[in-house]
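Here is how the chains run, residue by residue.
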Amino acid sequence: MKTLIAAYSGVLRGERGSPGCPAAGGRGLPGFHGWAGKPQEGFRKGRGVACSAILMYTFCTDCWLIAVLYFTWLAFDWNTPKKGGRRSQWVRNWAVWRYFRDYFPIQLVKTHNLLTTRNYIFGYHPHGIMGLGAFCNFSTEATEVSKKFPGIRPYLATLAGNFRMPVLREYLMSGGICPVNRDTIDYLLSKNGSGNAIIIVVGGAAESLSSMPGKNAVTLRNRKGFVKLALRHGADLVPTYSFGENEVYKQVIFEEGSWGRWVQKKFQKYIGFAPCIFHGRGLFSSDTWGLVPYSKPITTVVGEPITIPKLEHPTQQDIDLYHTMYMEALVNLFNKHKTKFGLPETEVLEVN
């Protein structure tokens with residue numbers, strides 16, 4: 001019963017203790033966000049509530065024993081997501097992910113080798129509407145991430161509230177998805193050996209609010225929590241940019257100061273994600289509107305790792321120094337590869 005109460009209370013309050021929420025408290029890390037934008041966060045919570053409702057209904061059927069056994073096991077397994085979960089190579093290699101990859105298509109570009117004796121934090125940019133490149137490249141094997149980076153275990157970080165959802169949590173863990181909170185990341189970077197790579201969509205929901213085709217902008221200038229974490233553990237920072245992530249959906253952008261942006265920010269603050277008006281193509285025709293993303297290429301380029309020293313108590317000066325180095329490395333990565341993926345030489349990455 002305590003497990004059930006915890007699950008639903010976490011969902012209803014938007015998991016404010018998670019760093020995915022700007023109003024993060026508790027053990028959340030300000031300026032530190034995971035794969036947790038507005039629409040996909042709502043979709044995942046919707047699926048989680050549906051799974052929970054089905055299980056509750058099962059209690060009223062002849063199959064009630066299955067639900068009892070699952071919730072009993074869930075109580076004992078509650079903290080598994082904080083320890084990296086249970087990834088399944090079988091799930092990560094499902095054929096459906098290859099069809100998903102080919103639809104856009106999505107590809108992963110490696111620029112440098114990663115040492116298996118080090119741990120890494122990948123900063124993924126931009127968020128886009130759904131973060132589709134992050135999902136396909138790092139929580140599945142559709143783009144062969146494990147072959148391109150042998151010995152490296154990728155963990156895509158998302159809001160901790162998702163792991164309070166029965167059944168949904170099992171699927172997320174099977175793909176190598178983990179909660180984006182301090183306990184989990186501390187464990188992976190200090191007690192899980194080496195060769196771990198945690199992928200954090202640094203801009204989070206705030207960045208997704210300005211996502212639109214033709215725009216290359218990242219929310220990064222005041223996001224320093226992930227740099228502090230890297231310094232505490234001596235984990236190398238890896239800038240990662242996905243060309244085309246903003247092209248697969250169109251969104252109505254509300255200007256700063258408008259009532260629409262005010263509503264979005266209030267939702268983001270108190271619920272953990274912000275509503276938006278966006279659309280893709282229709283299911284059967286590209287000439288109609290729907291929720292199916294447009295088939296635009298997404299190319300994720302993984303840059304050169306920045307060697308980070310281990311400092312148990314980094315000063316603000318240390319954090320600012322490596323944060324500046326990271327921003328410069330991301331801009332250089334963008335400039336080096338932009339013309340290869342259809343952008344003009346004059347295109348500039350906007351860092352907010």
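- The name an unreviewed UniProt entry assigns to the chain is Acyltransferase, from the organism Neovison vison.
- Looking at the chain in UniProt, the text filed under Sequence similarities (unreviewed entry) is "Belongs to the diacylglycerol acyltransferase family."

## Side note on the pattern of salt bridges
Here's step 1: By the definition in use, this model includes 12 salt bridges.
Here's step 2: Here Arg 86 and Asp 77 are joined by a salt bridge, their closest N and O atoms 2.8 Å apart.
Here's step 3: Residue Arg 86 is classed as partly exposed on the basis of its relative accessible area, which comes to 35%.
Here's step 4: Across the salt bridge formed by Arg 86 and Glu 170, the nearest N and O atoms sit 2.8 Å from each other. Separated by 84 residues along the polypeptide, Arg 86 in the loop between helix H3 (64-76) and helix H4 (89-92) and Glu 170 in helix H8 (residues 168-174) bring together distant segments of the chain.
Here's step 5: Among the charged side chains, a salt-bridge network with shared partners connects Asp 77, Arg 86, Arg 169 and Glu 170.

## Notes on the environment of Tyr 103
Here's step 1: Among the structural elements, Tyr 103 can be located in helix H5 (residues 95-103).
Here's step 2: Separated by 193 residues in the primary sequence, Tyr 103 and Lys 296 have C-alpha atoms spaced 8.4 Å apart.
Here's step 3: The contacts of Tyr 103, once residues within four sequence positions are left out, are Arg 281, Val 292, Pro 293, Tyr 294 and Ser 295.

## Focus: the pairing of strand S9 (residues 278-281)
Here's step 1: In this sheet, S9 lies alongside strand S8 (residues 250-251) in antiparallel orientation, the contact comprising 2 bridges. Bridging from a neighbouring strand, Gln 251 pairs with Phe 278 of S9.
Here's step 2: Sheet analysis places S9 next to strand S10 (residues 289-290), joined by 2 bridges and oriented antiparallel. Following the sheet pairing, Gly 280 is matched in S10 by Gly 290.

Definitions and cut-offs
- Residues numbered from 1 in each chain as written.
- Predicted model: local features only at pLDDT ≥ 70, side-chain atom pairs only at ≥ 80, totals over all residues.
- Heavy atoms only, no water.
- UniProt positions renumbered as here; feature names shortened; annotations may be inferred.
- Salt bridge = Lys/Arg side-chain N within 4 Å of Asp/Glu carboxyl O.
- Buried < 20%, exposed > 50% of the residue type's maximum accessible area, 1.4 Å probe, protein only.
- Helix = DSSP H or I, 4+ residues; strand = E, 2+ residues; numbered from the N terminus.
- Contact = heavy atoms within 4.5 Å.
- Pairing = 2+ DSSP bridges.

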